[in-house]
Amino acid sequence: TNIQANNSLINKMREQISRMYSAKVREQLSQKEKPNFFKELKYYEDCLHRLEIQNLETILAKMKPLKAELNRAITSLDNALANISNMVNILSNIQSVTNIITRILPVV
C-alpha cells in the first residue's frame, strides 16, 4: 500500500541520514566539501520531515471515519481488562482494536 511504501522509504531515508552523520562519512569530507555536504544533508532532512508529515496526514485522514469505532473498541477492551478473569473477552477485544487499526495502517 501507499502508506507501507512511504514507511519503507522514510525508514531508508532515516537510516541514510544516520549514516551520513557518522564519523566514517565525515572523515572522508575535505574542508572544501563540508559546507555543501551539510547544506545538502539539511535539505535532505527537510525533505524527510515533509514526507513524514504527509504520511501522518494520510494516516489521520484514513483514521477519521474509523475514530468512533476505534474509540468503542478501545473502551470495550478497557472494560474487559477491568474484569481480568475473562481472558476470552479480553482477547476478543484486543482483536477488535487491532482489526480496526489494520484498516488504517498496514501491518508491517
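Residues numbered from 1 in each chain as written. Predicted model: local features only at pLDDT ≥ 70, side-chain atom pairs only at ≥ 80, totals over all residues. Heavy atoms only, no water.

Visitor: How would you sum up the overall build of the protein chain? Please name residues and give values.
Guide: A count of helices and strands for the protein chain gives 5 helices and 0 strands. If you list the helices and strands of the protein chain from N to C, you get α-α-α-α-α. Here the protein chain has a C-alpha radius of gyration of 21 Å; the compact-globule value for 108 residues is 13 Å, and the former is much larger. Taking all contacts inside the protein chain whose residues are at least 6 apart in sequence as the whole, residues at least 24 apart take part in 63%. With the model as given, the accessible surface of the protein chain reaches about 8,000 Å², and the carbon-plus-sulfur share is 57%. Charge-centre separation for the protein chain: the mean point of 15 positive side chains lies 2 Å from the mean point of 10 negative side chains. (Helix = DSSP H or I, 4+ residues; strand = E, 2+ residues; numbered from the N terminus. Rg over C-alpha atoms; globule rule 2.2 N^0.38 Å. Contact = heavy atoms within 4.5 Å. Areas by Shrake-Rupley, 256 points an atom, 1.4 Å probe, with all protein chains shown as cover. Lys, Arg positive; Asp, Glu negative; His and termini not counted. Charge placed at Lys NZ, Arg CZ, Asp CG, Glu CD.)

Visitor: I'd like a rundown of the packing of helix α4 (residues 67-82) against helix α5 (residues 87-104), residues and numbers included.
Guide: Following both chains from N to C, one finds α4 and α5 inclined at 160 degrees, their axes separated by 9 Å at the closest point. In terms of axis orientation, α4 runs roughly antiparallel to α5. For the element pair α4 and α5, the recorded crossing hand is left-handed. On α5, the residues that touch E69, L70, A73, I74, S76, L77, A80 and L81 of α4 are N89, I90, N93, I94, S96, V97, I100, I101, R103 and I104. A per-class count over the contact of α4 with α5 returns 12 nonpolar, 4 polar and 2 charged. (Axes fitted to C-alpha atoms, helices over the stretch in contact; angles between N-to-C directions. Parallel < 35°, antiparallel > 145°, perpendicular 65-115°, else oblique. Left-handed = near helix turned anticlockwise from the far one by under 90°. Nonpolar A, V, L, I, M, F, W, Y, C, P; charged D, E, K, R; others polar.)

Visitor: Can you break down the nonpolar core residue by residue, with the values?
Guide: Counting residues in hydrophobic clusters, the biggest one holds 10 residues: I59, L66, L70, A73, L77, A80, I90, V97, I100 and I104. Going through the elements one at a time, α4 and α5 are the ones with two or more residues in this core. Not counting the four nearest positions on each side in its chain, V97 is found in contact with L70, A73, I74 and L77. Listed in part, the 7 residues of the second largest apolar core include M13, L29, L41 and L48. (Core = buried A, V, L, I, M, F, W, Y, C linked by side-chain atoms within 4.5 Å. Buried < 20%, exposed > 50% of the residue type's maximum accessible area, 1.4 Å probe, protein only.)

Visitor: If you had to explain helix α3 (residues 34-63) to someone new, which residues and values would you point to?
Guide: Over its 30 residues, α3 extends 43 Å from the first C-alpha to the last, a length consistent with the 44 Å expected when each residue adds 1.5 Å. All buried positions along α3 are accounted for by F37, L41, E45, L48, E52, N55 and I59. (Expected span 1.5 Å × (residues − 1).)

Visitor: Describe the environment of L9, naming the residues involved and giving the relevant values.
Guide: Its location among the elements puts L9 in helix α1 (residues 2-20). Given the relative accessible area of 41%, L9 is considered partly exposed. The spacing of L9 and R19 is 10 residues in sequence and 15 Å in space, taken between C-alpha atoms.

Visitor: So, the pattern of salt bridges: which residues are in play, and what are the values?
Guide: Oppositely charged side chains can form a pair if their charged atoms are brought close together. Evaluated as defined, the whole model comprises 3 salt bridges. The closest approach of N and O atoms between D46 and K42, which form a salt bridge, is 2.9 Å. Note that D46 and K42 are positioned in helix α3 at a spacing of 4 residues, about one turn of the helix. When its relative accessible area of 25% is taken as the criterion, D46 is described as partly exposed. For K42, a relative accessible area of 46% puts it in the partly exposed group. (Salt bridge = Lys/Arg side-chain N within 4 Å of Asp/Glu carboxyl O.)

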